[in-house]
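# Fold and contact review
Chain by chain, the residues:
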Amino acid sequence: MDTMRDRFAPVVSRLLDEDPRVAVVLAEIGADGFRETGRRHPDRVINVGIREQLLIGTAAGLALTGLRPVVHTFASFLVERPFEQVKLDLGHQDAGAVLVSAAASFDWPAGGFTHMAPGDVALLDTLDGWTVHVPGHPDEAETLLRHAVAAGEDKVYVRLSVQSNRQGRAVDGGHFHTVHEGRSGVVVAVGPMLDAVLAATRGLDVTVLYATTVRPFDVAGLRRATAAAGPDVVLVEPYLAGTSTAAVSEALSDVPHRVLGLGVGRRELRRYGTIEEHVAAHGLDPAALRGRITGYLAAGRTTALTTGG
Amino acid sequence: MTLTADDNRTYGYDDLPRLLGLMTGDEKHGPAATSTLDVLWVLYDRVLGVTPERRDDPARDRFLLSKGHGPMAYYAVLAAKGFVPAAWLPGFGSYDSPLGHHPDRVLVPGAEIGSGSLGHGLPIAVGTALGLRAQGLPGPAVWVLIGDAELDEGSNHEAIAFAGPTGLDRLHTVVIDNSSASHARPGGIAARFEAAGWSTVSVDGRDHDALYAAFTAPHPGRPHVVVARVEPKDA
């Protein structure tokens, strides 16, 4: 199977052909994929070299003239390194762009921590008005990239990963999708975490929601699910654990609720190896997830009993 | 303070001290406020193809004030040219005023960018020049004003190093040199741009005719920088 990132250049190349407003801005990484398209649209395929501050500043300038910039590099260099440019050149200038990252939390474990950005979504959460898409399959990545580029002048982040679910699902760029219905808690699986969550919750009486757009957070979708399955919520995110717990708490602020945020641990692992080894080390493989989810839900039942609920 | 809030009139260079005085309460102004005054005036009065009526015209020239601190001279010139009402000036920095101690493009008519944090204007100007070119608008000039100490920011060096070899000839930078950088630049400011393939001119930043000549010097195929020397910041 190809990866989400394999889809990036072909999809955006087609968009460059279709829409004269679209421009792509790169900082060397991914430039090969646009070599041919760049010959057709030399003014709209821009490689600024290894200059990530200029990468974002250039995108902002393009947007201020009315273009729709699509900006791509690894998440560490796209969101973290030029964070003030993201905040000011896009946010404060009221300019839009589509930021498309690759490498995600640990797509290249042998490359080490310099190429990992588990905190990217949490960092964007300090800013206002960002849409965040986290596709779980290359087909979904293609759909969400198109949504992102078509989203007027919005600020959109698309997080591509080599981690993927086996099958793609219909995604609409907004809502959570109910994959399984139960009565004893809600598990929200974000993007590439779905397969592991489904394996972990097999036979459990829980609702599984699948989220590929996490900002804005689908408050109505979560509230519908908790109304039927109870206000015990487990988030399983492929980035920093707890990134969306504030969104869940806000969505359920008028209801007594509990929330458990699972994801990538904050402590630097200082290990190389494989993706599977890192998934296991962060407790995100199906067996570990099952233990953490059942333990959490059982603790809720104990509390409810002891408090007479 | 006899200036009235007559929004329809425009003002001349001799009115600028009074306009500045509306913001600061007197007619003596700090170096940050006035170091840019003559450069701004010559640009808006004689060089830039932009007027209040054309401020949304895609083919207008762009002026990006990157050095956003001490923006009084900028506001005074924008008021003199009719972009903002002179009546706004006395509110400078107050809660209800659109005119802050750093300009905000969302609030100030005619301001192309919001600035304050150093090192953002030149990279955005690069994108603006590229965006205009990509839309078949090769005419408009893009100008960005930075300070000599602001040039320390690495983001500027990313932009300088890219714009030169790219031949971004609609891009223009004015560096106001009031000797405020802590560490002198070996070879001088212009040398940094020259090494990256820019066209360069250094002039007296108070001499209007010299500034005009520097701003309008031909520079085919290359971006252009004008280093405008003014009196040292702490002189």
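Positions within a chain are numbered from 1, following the residues in the order the chain's sequence is written. Throughout, the order in which chains and ligands are written sets their labels, letters from A for the former and numbers from 1 for the latter. Confidence filtering applies because this is a predicted model: local features only for residues at pLDDT of at least 70, side-chain atom pairs given and counted only at 80 or more, and all residues used for totals across whole chains, interfaces and linings. Remark: hydrogens and water are excluded; side-chain values derive from all non-hydrogen atoms of the structure.

Put simply, the rule reads: UniProt positions are given in the numbering used here, feature names are shortened, and annotations may be inferred rather than shown by experiment.
Going by what an unreviewed UniProt entry lists, chain B is known as Transketolase and is assigned to Streptomyces dangxiongensis. As stated in UniProt under Cofactor (unreviewed entry), the record for chain B gives "thiamine diphosphate".

Looking at an unreviewed UniProt entry, one finds chain A named Transketolase, with Streptomyces dangxiongensis as its source organism.

## A word on the domain arrangement of chain A
Residues and elements named next belong to chain A. Note the following rule: Annotation comment: domain bounds sourced from an automatic or database domain assignment. By definition in these notes, contact holds between two residues if any of their heavy atoms fall within 4.5 Å. Here the quantity called buried area is the accessible surface, traced with a 1.4 Å probe, that two parts lose on coming together, added over both. Any carboxyl oxygen of Asp or Glu within 4 Å of a side-chain nitrogen of Lys or Arg constitutes a salt bridge here. Polar contacts, as used here, are pairs of N or O atoms within 3.5 Å; protein pairs need one atom able to donate a hydrogen and one able to accept it. Residues neighboring in sequence count only if both atoms are side-chain atoms.
For chain A, the assigned domains are domain 1 (4-159) and domain 2 (177-306). Inter-centroid distance (C-alpha atoms) of domain 1 to domain 2 is 28 Å. Between domain 1 and domain 2, the contact holds 26 residues from the first and 24 residues from the second. The junction of domain 1 with domain 2 conceals about 1800 Å² of combined surface from both sides, 66% of it contributed by carbon and sulfur atoms. Its largest share of buried area at the contact with domain 2, domain 1 owes to F106, P109 and V134, together 31% of the area lost on that side. Applying the counting criterion to the domain 1 and domain 2 interface returns one salt bridge. A salt bridge links R215 to D125; its shortest N-O distance comes to 2.7 Å. Where domain 1 touches domain 2, the interface holds nine residue pairs in polar contact (both at pLDDT 80 or more).

## Focus: helix α8 (residues 208-215) of chain B
All names here are of chain B. Worth spelling out the cut-off: Relative accessibility thresholds used throughout: buried, under 20% of the residue-type maximum; exposed, over 50%; partly exposed, between the two (1.4 Å probe, protein chains only). The secondary structure listing takes helices from DSSP runs of H or I that are at least 4 residues long and strands from runs of E that are at least 2 residues long, numbered from the N terminus. This arc is built from the directions going out from the helix axis to the C-beta atoms.
Among all positions of α8, only L211, A214 and F215 are buried. Along the axis of α8, the buried positions cluster into a sector of 95°, meaning they face one direction only. If you follow the buried residues of α8, they end up packed against α3 (37-47), β2 (142-147), β3 (171-177), β4 (199-204) and β5 (224-229). At the N-terminal end of α8, a side-chain oxygen is found 3.1 Å from the backbone nitrogen of D209, two or three residues along, and the residue is D207.

## Re the sheet that holds strand β8 (residues 186-190) of chain A
Residue and element names in this part refer to chain A. Note the cut-off: Two strands pair if DSSP finds at least two bridges between them. Interaxial angles span 0 to 180 degrees and are taken between N-to-C directions of axes, which are lines fitted to C-alpha atoms, for helices over the stretch in contact.
A sheet is described by the order of its strands in space; here five strands give the open sequence β7-β9-β8-β11-β12, paired in mixed fashion. Sheet topology places β7 (177-180) and β12 (258-264) at the edges, where each strand pairs with a single neighbour. When strand polarity is set aside, the average angle formed by the axes of neighbouring strands in this sheet is 25°. Here six bridges tie strand β11 (residues 232-240) to β12, and the two strands are oriented parallel to one another. Bridge pairing in β12 places L235 opposite G261.

## Remarks on the sheet that holds β5 of chain B
Residue and element names in this part refer to chain B. Reading across from one edge, β1-β2-β3-β5-β4 is the order of the five strands in this open sheet, with parallel pairing throughout. Only two strands of the sheet have a single neighbouring strand rather than two, namely β1 (62-65) and β4. Geometrically, the sheet is characterised by an average inter-axis angle of 20° between neighbouring strands, direction not taken into account. The sheet contact formed by β3 and β5 spans six bridges and is parallel. Within the sheet, the bridge partner assigned to I176 lies in β5 and is A228.

## Looking at unusual backbone geometry
Residues and elements named next belong to chain A. A cis amide bond links R215 to the next residue, P216, at an omega of -5°. Summarising the element assignment, P216 is placed in the loop between β10 (213-215) and α9 (219-229). Here R270, not a glycine, exhibits a phi torsion of approximately 55°, which is positive.

## Topic: the packing of helix α5 (residues 121-134) of chain B against helix α6 (residues 154-166) of chain B
Residues and elements named next belong to chain B. What counts, and what does not: These descriptions rest on fixed angle ranges, namely under 35 degrees for roughly parallel, over 145 for roughly antiparallel, 65 to 115 for roughly perpendicular, and the rest for oblique. Each residue receives one of three labels: charged for Asp, Glu, Lys and Arg, nonpolar for Ala, Val, Leu, Ile, Met, Phe, Trp, Tyr, Cys and Pro, and polar for the others, Gly being one of them.
It is at 8 Å that the axes of α5 and α6 come closest, and there the two elements cross at 30°. Comparing the axis directions of α5 and α6 gives the class roughly parallel. In this structure, α5 contributes L122, P123, V126, L130 and R133 to the contact, and α6 contributes S155, N156, A159, I160, F162, A163 and T166. Residue composition of the contact of α5 with α6, grouped by class: eight nonpolar, three polar and one charged.

## Here we look at the pairing of β3 of chain B
Let me state the cut-off plainly: Crossovers are described as right-handed under a simple rule: with the strands pointing away from the observer, the path leading from the first strand over the helix to the second runs clockwise.
When you tally the buried positions in β3 of chain B, you get seven out of seven residues, the bulk of the element. With α6 of chain B bridging β2 of chain B and the parallel β3 of chain B, this β-α-β connection has right-handed handedness.

## Side note on the interface of chain A and chain B
Taken together, the 25 residues of chain A in the interface contact 25 residues of chain B. Surface buried jointly by chain A and chain B totals about 2100 Å² across both partners, of which 58% is contributed by carbon and sulfur atoms. On the chain A side of the interface with chain B, the three residues burying the most area are L54, T65 and Q93 of chain A, jointly 26% of the side's total. For the interface between chain A and chain B, the tally reads one salt bridge. The partner of D43 of chain A in a salt bridge is R133 of chain B, and the shortest N-O contact between them spans 3.5 Å. At the surface where chain A touches chain B, the tally comes to eleven residue pairs in polar contact (both at pLDDT 80 or more).

## Describing the nonpolar core
Counted only if it meets this: Take the buried Ala, Val, Leu, Ile, Met, Phe, Trp, Tyr and Cys residues and link them wherever side-chain atoms come within 4.5 Å; each set so joined is a nonpolar core.
Core analysis: the largest hydrophobic core is formed by 77 residues, its most contacted members being L99, Y157, V188 and L222 of chain A together with V126, L171 and W198 of chain B. Looking at this core element by element, the count peaks at eight residues for α5 of chain B. No fewer than three residues from each of domain 1 (4-159) and domain 2 (177-306) of chain A sit in this core. Sequence-distant contacts of L99 of chain A, that is, excluding residues within four places in its chain, are made with I56, V71, L78, V86, L90, W130, V156, Y157 and V158 of chain A. Counting 48 residues, the second-largest nonpolar core is a separate cluster that includes L19, L40, Y44 and A86 of chain B.

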